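What follows is the residue order along each chain.
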Amino acid sequence: MFDTNVWIFIDGYDPRQKAYTSCYSDFYLSLLKSDNTIVVNDYVLGEYFNRACRIQYDLKYEDDPPKRHFKRRRQGEDFKEFMETVRDTCLGILDHCEYEPAVRTDCLMAEFITEAGSGTIDFSDIIIREHCLANDYVLVSDDADFADCGLDFVTANPKVLGKTT
């Protein structure tokens, strides 16, 4: 399972690309060629769609504060084309991955909210962690929050790699 930040690196929507982030694209292609199953869930897709649009919107209107009302992006014809591009990318992810809903009916949502409230890990990261743990998935992420979550975890993040070596 690929985390949102990795999909954003793969598809080039983050202008802050780091020297090492292209290795995620290479890893993704190698997994596809070796007939692995890559899973995606609704949390990752939703977060991906919103973050990719938000990054682009912030870049587009960086110097124009009156236009920086992100929620209005859906109303502007000038931004709909980009949103359609992100939509097409999400549909492509669905074509190449196996979709699974992230939250099961037996999830202990109150515990997840309490844990998120502690400030140690984001709520969406808890959902992703629990989805991976429940299904014994390997998570590919650039997020250091997953380094000590008990997951099989693949990263190219130098801070995480320095921590574990």
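Okay, so let's go over this structure. (Residues numbered from 1 in each chain as written. Predicted model: local features only at pLDDT ≥ 70, side-chain atom pairs only at ≥ 80, totals over all residues. Heavy atoms only, no water.)

## Looking at the nonpolar core
Here is step 1: Grouped together as the largest cluster of nonpolar side chains are 45 residues, with contacts concentrated most on Phe-2, Trp-7, Tyr-24, Tyr-48 and Val-86.
Here is step 2: For this core, the elements supplying multiple residues, two or more each, are α1 (4–11), α2 (22–33), β1 (39–41), α3 (42–60), α4 (77–96), α6 (123–135) and β3 (138–140). (Core = buried A, V, L, I, M, F, W, Y, C linked by side-chain atoms within 4.5 Å. Buried < 20%, exposed > 50% of the residue type's maximum accessible area, 1.4 Å probe, protein only. Helix = DSSP H or I, 4+ residues; strand = E, 2+ residues; numbered from the N terminus.)

## Side note on the packing of aromatic side chains
Within a pair of aromatic rings, the relevant descriptors are the distance that separates the centres and the angle that separates the planes.
Here is step 1: Under the criterion given, the structure shown has seven aromatic pairs.
Here is step 2: When the centroid spacing of 6.1 Å and the interplanar angle of 5° are considered together, the rings of Phe-9 and Tyr-24 count as stacked. Note that Phe-9 is positioned in helix α1 and Tyr-24 in helix α2, a separation of 15 residues in sequence.
Here is step 3: On the basis of relative accessibility, which here comes to 2%, the residue Tyr-24 falls in the buried class.
Here is step 4: Judged by centre distance (6.3 Å) and plane angle (50°), the ring pair of Tyr-43 and Phe-123 falls under tilted. Of this pair, Tyr-43 sits in helix α3 while Phe-123 is found in helix α6, placing the two residues 80 residues apart along the sequence.
Here is step 5: Phe-123 sits in the partly exposed class, given a relative accessible area of 26%.
Here is step 6: Through pairs of rings, three or more aromatic residues link up here, namely Phe-2, Trp-7, Phe-27 and Tyr-28. (Phe/Tyr/Trp six-rings, centres within 6.5 Å; stacked < 30°, edge-to-face > 60°.)

## Details of a nonpolar patch on the surface
Here is step 1: Taken together, the side chains of Leu-91, Leu-94 and Tyr-99 define a hydrophobic patch exposed on the protein surface, amounting to about 260 Å² of accessible area.
Here is step 2: Tracing the backbone through its elements, the reader meets Leu-94 in helix α4. (Patch = residues over 30% accessible without salt bridge, like charges linked within 9 Å, V, L, I, M, F, W, Y side chains within 5 Å. Areas by Shrake-Rupley, 256 points an atom, 1.4 Å probe, with all protein chains shown as cover. Salt bridge = Lys/Arg side-chain N within 4 Å of Asp/Glu carboxyl O.)

## Here we look at the environment of Cys-23
Here is step 1: As for its position among the elements, Cys-23 is in helix α2.
Here is step 2: Note: C-alpha distance between Cys-23 and Val-6 (17 residues apart in sequence) is 10.0 Å.

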